[in-house]
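In case you want the letters, here they are:
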Amino acid sequence: MFFPGLVGVIAARTRLSEVDGKAGRLIISGYPVEEFAGVATFEEVAYLLWKGALPTAQQLADFRGAIAAERALATVTLDVLKAAAGKDIPPMTALRMAAGTLDLQTVKGTTPDGIPLENIAVIARFPTIVGTYWRLLNDEPVVEPRADLGFTANLLYMITGQEPSEERTRGLETYLNCVVDHGLNASTFTARVITSTGSDLISALTGAIGALKGPLHGGAPGPALDMVFEIGDAANAEAYLRAKLDRKERLMGFGHRIYRVRDPRVEVLSAAAKRLYERDGDMRLYNLVADVEKVAVRLLAEYYPQRSLQTNVEFYTALLLHGLAMPMELFTPCFAISRAVGWIAHCQEQRKDSRIIRPESEYEGPRDMRWVPIEAR
Ligand code: ACO
């Protein structure tokens, strides 16, 4: 049997997350996403995913301390980032290059809770890579990580050089919580395939970053926002979107392999964006995004009546992150910073299964060809 795009194929059993595309429900380690995304810290969610239970206050304090202690980058990583900045390499590519330099050989042992320190080192250093690279790219002094700040506040601090307000931290934390894990998506599958060969964690994560980077997966929010800016006014939306659909182009931020109804993360992120924009943002942009969404969903139903193409997580990600003054180039790196927690959890699960992931292909080329010597070709 051939399953193009592996549609409908179940290739892993997991306790990490459940994506119910018909009901529009996302469960993370037992908790519906809307239950915790707007109130939890990112460290709590990471702990939940890795340990399968919420931390006590003491466990959380220890976990936060362990992450804060691992934020510094080795010279080799800094050298790669400096060289990449000198060549104006895009941040997501720089993250992939720098992630490959993380040497976890020296990070041995576990926390008292049994969490491998190499897992902690990865999630501690990804934000430092992104923050450091952004400042190098913009010829600004690099900001050292601050151990007294939580995961999300420290990330914003390293990018901007300023301690963020609670409101901004909450906005970004809500986003990070929403995208921490999502079933067997393309980047997670990549990480699991690499792990299934017996390869190491950094190889799995580097491959996963490569998969996430693509515009059909984690690279959609920048183009989604560009599309809204190009539309500029709700009155232009229908003509603009129709022209795109007539050219068979995809509308970024819409459609999903699994969801047939609105992605539940869209509700959480659009509510977070609304709170942010109502306080100190450009409500005109918020309203424009909502108007473009309505027209896009209506037109997608008209062009693809069999598919039920709905708004996906990336559409309101773009609005929320833009409202937090996050540069568009860092949208996908922020996604990677969060999803790394999910990738690592899946790698741990995959290691318990000794079977290599190795599907088959159906050959459709010629057979019985006769070899022609090079001088006779
Ligand atoms: N805009 C226009 N047409 C679309 C869209 C879209 N956003 N999504 C699907 N379609 C069309 C396809 O062109 C295809 O048409 P065809 O049958 O004439 O070729 C039809 O709907 C079926 O689409 P598939 O490619 O089968 O859908 P699939 O489940 O394979 O793809 C995907 C899902 C990649 C997310 C797709 O909907 C898409 O490209 N969306 C835009 C990019 C995007 O927003 N990506 C972020 C996804 S969320 C995430 O990864 C975090």
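As the structure is a computational prediction, the values presented were derived from the model and not from experiment. (Residues numbered from 1 in each chain as written. Predicted model: local features only at pLDDT ≥ 70, side-chain atom pairs only at ≥ 80, totals over all residues. Heavy atoms only, no water.)

So, on to the packing of aromatic side chains. On inspection of all chains with the given rule, the structure shows six aromatic pairs. With centroids separated by 6.0 Å and ring planes inclined at 80°, the aromatic side chains of Trp50 and Phe63 adopt a geometry described as edge-to-face. With a gap of 13 residues between them, Trp50 in helix H2 (residues 42–51) and Phe63 in helix H3 (residues 57–68) connect regions that are remote in the sequence. Of the two residues, Trp50 and Phe63, both sit in the buried class. A centroid spacing of 4.7 Å and a plane angle of 50° characterise the contact between Phe254 and Phe315, whose relative ring orientation is tilted. Linking Phe254 in the loop between helix H12 (234–246) and helix H13 (264–280) with Phe315 in helix H15 (residues 313–323), this pair joins segments that are 61 residues apart in sequence. Over the face of the ring belonging to Tyr157 we find Arg146, whose NZ or CZ atom lies 5.0 Å from the ring centre. (Phe/Tyr/Trp six-rings, centres within 6.5 Å; stacked < 30°, edge-to-face > 60°. Helix = DSSP H or I, 4+ residues; strand = E, 2+ residues; numbered from the N terminus. Buried < 20%, exposed > 50% of the residue type's maximum accessible area, 1.4 Å probe, protein only. Lys NZ or Arg CZ within 6 Å of the ring centre and 35° of its normal.)

Leftover empty space is mapped by rolling, across the atoms, a probe with the size of a water molecule. For the coordinates displayed, the defined rule picks out two cavities of 30 Å³ or more. Quantified by volume, the largest cavity comes out at close to 40 Å³. Forming the boundary of the largest cavity are Gly255, His256, Tyr259, Val261, Asp263, Gln310, Thr311 and Asn312. Taken as a whole, the second largest cavity spans an internal volume of roughly 30 Å³. Forming the walls of the second largest cavity are Pro91, Ala94, Leu95, Ile129, Val130, Tyr133, Trp134 and Leu330. Per-element tally for the lining of the second largest cavity: the top contributor is helix H6 (residues 117–137), with four residues. (1 Å grid on protein atoms, 1.4 Å probe; cavity = no way out; pocket = protein on both sides within 12 Å on 5 of 7 lines; lining within 4 Å. Points joined across faces, edges and corners; volume = space filled by probe spheres on them.)

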